[in-house]
Amino acid sequence: MKKYISHSEKETKDIAQNIAKESKSNTFALTGELGAGKTIFVQGFAKALGIEEKIISPTFVLIRQHQIPHTQNALYHIDLYRLEDAENIKHLGLEDLWSDSNNIILIEWAEKYPNLPDNTVKISITKLDENARQITVSSQTDL
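Counting restarts for each chain, with residues numbered from 1 along the sequence as it is written. The model is predicted, so local features are restricted to residues of pLDDT at least 70 and side-chain atom pairs to those at 80 or more, both for listing and for counting; the totals for chains, interfaces and linings are taken over all residues. Water and hydrogen atoms play no part in the side-chain values, which are based on all heavy atoms of the structure.

A. How the structure looks around the pairing of strand β3 (residues 63-67). In this description, strands pair whenever DSSP reports at least two bridges between them. Helix numbers and strand numbers start at the N terminus; a helix is a DSSP run of H or I with at least 4 residues, a strand a run of E with at least 2. Alignment of β3 against strand β4 (residues 74-79), held across five bridges, turns out to be antiparallel. The residue of β4 that forms the bridge with Q67 is A74. The loop that links β3 with its antiparallel partner β4 comprises six residues; one of these, H70, has a positive phi angle of about 65°.

Shown next as structure tokens:
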């Protein structure tokens, strides 16, 4: 397990960029209370992949796909916040997404889905105060 402390959105994005560059996994499970900084983290991660389009939470559409420039790969930003039961989540076809190694998947509110792949990197973001966050990374040799 590795822990980082962030004191700003920029620091959170920088931490996410480093994780994106170091990780060999294609699936990332993000957890943390509302407003903890999960979408901010995804923005930093996407920037490391060269994605320049605006990254916003897919809370209402559930899944947003972003093409990774100069590759055949895509980033899938998934938000399970509005889904209440695992049965509804099963119908999203997440297994198809992470079975393709060209896809990179970041799932907000991932604790709602019990069947994540074994290679999933778990990232927990905890509010310490108004500005500070603790970002805890576990699995995949803890980066």
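From this point, things continue past the structure.
B. Region of the structure containing the pairing of strand β2 (residues 27-31). Residue exposure (1.4 Å probe, protein chains only): buried if accessible area is under 20% of the type maximum, exposed if over 50%, otherwise partly exposed. Most of β2 is tucked away, with four of its five residues classed as buried. Relative to strand β5 (residues 103-108), β2 runs parallel, the two sharing four bridges. Among the inter-strand pairings, T27 is bridged to a residue of β5, identified as I105. Of the pairings in the sheet, the one linking β2 to strand β6 (residues 121-127) comprises four bridges and is parallel in character. Across the sheet, L30 pairs through a bridge with I123, a residue of β6.

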